[in-house]
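What follows is the residue order along each chain.
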Amino acid sequence: MKSALRILIFVVAMGTVSGGLLFGINSLTAKRIAQNEELKLKSAVLDVLEVPYRPENLLELFDQNVKILEKGDSLFYTSVDGTTAFKFKGPGLWGTIEGILSINPDLKTIRVLRILYQEETPGLGGRIAEPEYLQGFRSKTFIPKISFVPSGADKAANEVDAITGATGSSKALEKLLNETIKKRLDVLRSEKL
């Protein structure tokens, strides 16, 4: 009985101390984490809008070169040359895929695609985040829609190579991009940027 009481007191004390430490550390780091997330987003936006920057002038260049438009649940970033970018997020094969996409002022072609977060299989579906793979999206049209085709078979302006051995991840990304682009284009066309 005494040993059970000692164990219970020990567990409650350790839980209280651990919880207090975690709460304290979270309180101390929450502001820094939010600042880092803001810097990560702004650098990704500048990357896909192809605005050169250095870490020390990132915030200044973002403010000078990017206009933010919020329309409903859609957030758009436009550059001085008329390029528009927006974030996307949705299901992949194994987890969430998040990214940011910029489209040319013609509202018909992709400028830059960047994956910010993904949970696909490393070495297979995870290749969707590799810069070499994402280069294949540059200047591709998304009208009527982006179409993933077997590797090496991309002939049309809207076709992109799927990843060999990662059909599920490729199909998930294709669906996510097509749905997001359609939804965002509907908003863009109804709103003057």
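Notes on the structure in this doc start here. (Residues numbered from 1 in each chain as written. Predicted model: local features only at pLDDT ≥ 70, side-chain atom pairs only at ≥ 80, totals over all residues. Heavy atoms only, no water.)

Observations regarding the packing of aromatic side chains
1) Next: Applying the stated criterion across every chain, the model contains 4 aromatic pairs.
2) Next: Geometrically, the ring pair formed by F62 and Y77 is edge-to-face, given 6.4 Å between the ring centres and 65 degrees between the ring planes. Here F62, found in helix α2 (residues 58-65), pairs with Y77, found in strand β2 (residues 74-79); they are 15 residues apart in sequence, far enough to count as distant. Summarising the burial analysis for this pair, F62 and Y77 share the class buried.
3) Next: Ring centres of Y133 and F137 lie 5.6 Å apart, and the angle between their planes is 80 degrees; this geometry places the pair in the edge-to-face category. Like F137, Y133 is buried. (Phe/Tyr/Trp six-rings, centres within 6.5 Å; stacked < 30°, edge-to-face > 60°. Helix = DSSP H or I, 4+ residues; strand = E, 2+ residues; numbered from the N terminus. Buried < 20%, exposed > 50% of the residue type's maximum accessible area, 1.4 Å probe, protein only.)

Regarding the packing of helix α1 (residues 2-48) against α2
1) Next: Packing of α1 against α2 leaves a shortest axis separation of 10 Å and a crossing angle of 55 degrees. By the criterion of interaxial angle, the relationship of α1 to α2 is oblique. As α1 runs across α2, the sense of the crossing is left-handed. Packed against α1, whose contacting residues are L39, K42, S43, V45 and L46, the element α2 presents L58, L59, L61, F62 and D63 at the interface.
2) Next: Of the residues contributing to the contact of α1 with α2, the split by class is 7 nonpolar, 1 polar and 2 charged. (Axes fitted to C-alpha atoms, helices over the stretch in contact; angles between N-to-C directions. Parallel < 35°, antiparallel > 145°, perpendicular 65-115°, else oblique. Left-handed = near helix turned anticlockwise from the far one by under 90°. Contact = heavy atoms within 4.5 Å. Nonpolar A, V, L, I, M, F, W, Y, C, P; charged D, E, K, R; others polar.)

Points about the sheet that holds strand β3 (residues 84-91)
1) Next: In spatial order, the strands read β1-β2-β3-β4-β5; together these 5 strands make up an open sheet with antiparallel pairing. The sheet is open, and its two borders are formed by β1 (66-71) and β5 (110-118), each paired with just one other strand. Averaged over neighbouring strand pairs, the angle between their axes works out to 25 degrees when direction is ignored.
2) Next: One ladder, built from 3 bridges, connects β2 with β3; its direction is antiparallel. Following the sheet pairing, T78 is matched in β3 by T84.
3) Next: α1 rests against β1, β2, β3, β4 (96-103) and β5 of the sheet, and its axis sits at about 150 degrees to β5. (Pairing = 2+ DSSP bridges.)

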